[in-house]
Amino acid sequence: MLDTGVGGLTVYDALRRVLPEAPVIFAADFVGMPYGKKTEAEVAARVAGLLGRMSERYRPRLACIACNTASTIALGMVRDVLEIPVVGTVPAVKPAALHTQTGTFGMIGTQATIRQRYVDDLERDFASDKTLLRIAAPDLVDEAEAKLRGKPVNLGVVEEAVTRLRGMEGGNAIDAVVLACTHFPLLREELGALFGSDVALIDGAEGIARRIVHLLNGQEFERSGPNRFVVTGPVERAQGLENTLSERGFGAPETF
Ligand code: DGL
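Residues numbered from 1 in each chain as written. Predicted model: local features only at pLDDT ≥ 70, side-chain atom pairs only at ≥ 80, totals over all residues. Heavy atoms only, no water.

A. Structural context of the sheet that holds strand β9 (residues 228-231). The strand order β1-β2-β9-β10 describes an open sheet built from 4 strands, whose pairing is parallel. The sheet is open, and its two borders are formed by β1 (2-3) and β10 (254-255), each paired with just one other strand. In this structure, strand β2 (residues 25-28) lies alongside β9, joined through 4 bridges in parallel fashion. Of the residues in β9, the one forming a bridge with phenylalanine 26 is phenylalanine 229. (Pairing = 2+ DSSP bridges. Helix = DSSP H or I, 4+ residues; strand = E, 2+ residues; numbered from the N terminus.)

So this is what it looks like as structure tokens:
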């Protein structure tokens, strides 16, 4: 699995619930973080390069891009070059469109994600009779990273994003919000408190986990140790994550 940081752990958690026995190597591209502020070409090059290196080194049976930004930009390209199944994490527009009663729902992602044609296509295919309001809230990525390191979340940052989405034309009618960045479900509690209980916060993690199970098609796994958490750049960037990683069945962080 690949993300820029701990966001992808939201997909990892869902996968472990349905496939606890499968050994996982999770790569956090701390050097490349944040993808959301990069150009399409930069993200595509990094993701294709990293997944190529990972698949040569670790020979996985399947790769999961546990990042919406990387998936909406580079999924097609990565599928063309890797010889294993590649599962992406794309914004959960379809379930949110099915959920909304008011016909208006929101999406919070990174700048790069919300401008992708991939998202326009999802909107056209699954929500053409609905109103989808999109905002970029890249600073929430840092808050999620802080939270998993046991640091306090700056609630002002969360509040600013919620107020901005609510303040868009029609924003008061929102009754569902797509968390279109894998970091954001880590702030579900904080976002939920501000949106209120009438707004469903929807992410794709469980659907992705089910898709992985389906593609692995009943294969058996043999575990030879804890899961691995590998990082680009200095391993010190993982400092503070020790508890969250060990609770999730990972060994000590390693350099990739
Ligand atoms: N977790 C990534 C995503 O799902 C984004 C974080 C970043 O900008 O690097 O989009």
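B. Quick look at the side chain of threonine 10. Its location among the elements puts threonine 10 in helix α1 (residues 9-18). For threonine 10, the side chain forms a polar contact with the main-chain oxygen of glycine 7, separated by 2.8 Å. Among all residues touching threonine 10, those that are not within four sequence positions of it are Thr182, Pro185, Leu186 and Ala205. (Polar contact = N/O pair within 3.5 Å; in protein donor to acceptor, adjacent residues only side chain to side chain. Contact = heavy atoms within 4.5 Å.)

C. Inspection of the pairing of β2 at higher detail. Across 2 bridges, the pairing between β1 and β2 is parallel. Residue pairing in the sheet places aspartate 3 in a bridge with alanine 28 of β2. The handedness of the β1 to β2 crossover, carried by α1, is right-handed. (Right-handed = clockwise from strand over helix to strand, strands pointing away.)

D. Quick peek at the pattern of salt bridges. For the coordinates displayed, the defined rule picks out 17 salt bridges. Two residues, arginine 248 and aspartate 13, come together in a salt bridge whose shortest N-O distance is 2.8 Å. One end of the pair, arginine 248, is in the loop between α11 (242-247) and β10; the other, aspartate 13, is in helix α1, and 235 residues separate them in sequence. A network of salt bridges, in which partner residues are shared, links Arg117, Asp121, Arg124 and Asp125. (Salt bridge = Lys/Arg side-chain N within 4 Å of Asp/Glu carboxyl O.)

E. Region of the structure containing empty space enclosed by the protein. Scanning the model with the defined rule gives 2 cavities of 30 Å³ or more in all. Roughly 120 Å³ of volume is contained in the largest cavity. Lining the largest cavity are 17 residues, and of these Thr4, Thr69, Thr110, Val141 and Cys181 lie nearest its centre. Classifying every residue of the lining of the largest cavity gives 7 nonpolar, 8 polar and 2 charged. The computed volume of the second largest cavity comes to approximately 70 Å³. Taken together, 16 residues form the lining of the second largest cavity, with Asn68, Thr89, Leu179, Asp203 and Gly204 sitting closest to its centre. If you list the elements that add at least two residues to the lining of the second largest cavity, you get α1, β7 (176-180) and α10 (205-216). Here the residues of the lining of the second largest cavity are counted per class, giving 10 nonpolar, 5 polar and 1 charged. (1 Å grid on protein atoms, 1.4 Å probe; cavity = no way out; pocket = protein on both sides within 12 Å on 5 of 7 lines; lining within 4 Å. Points joined across faces, edges and corners; volume = space filled by probe spheres on them. Nonpolar A, V, L, I, M, F, W, Y, C, P; charged D, E, K, R; others polar.)

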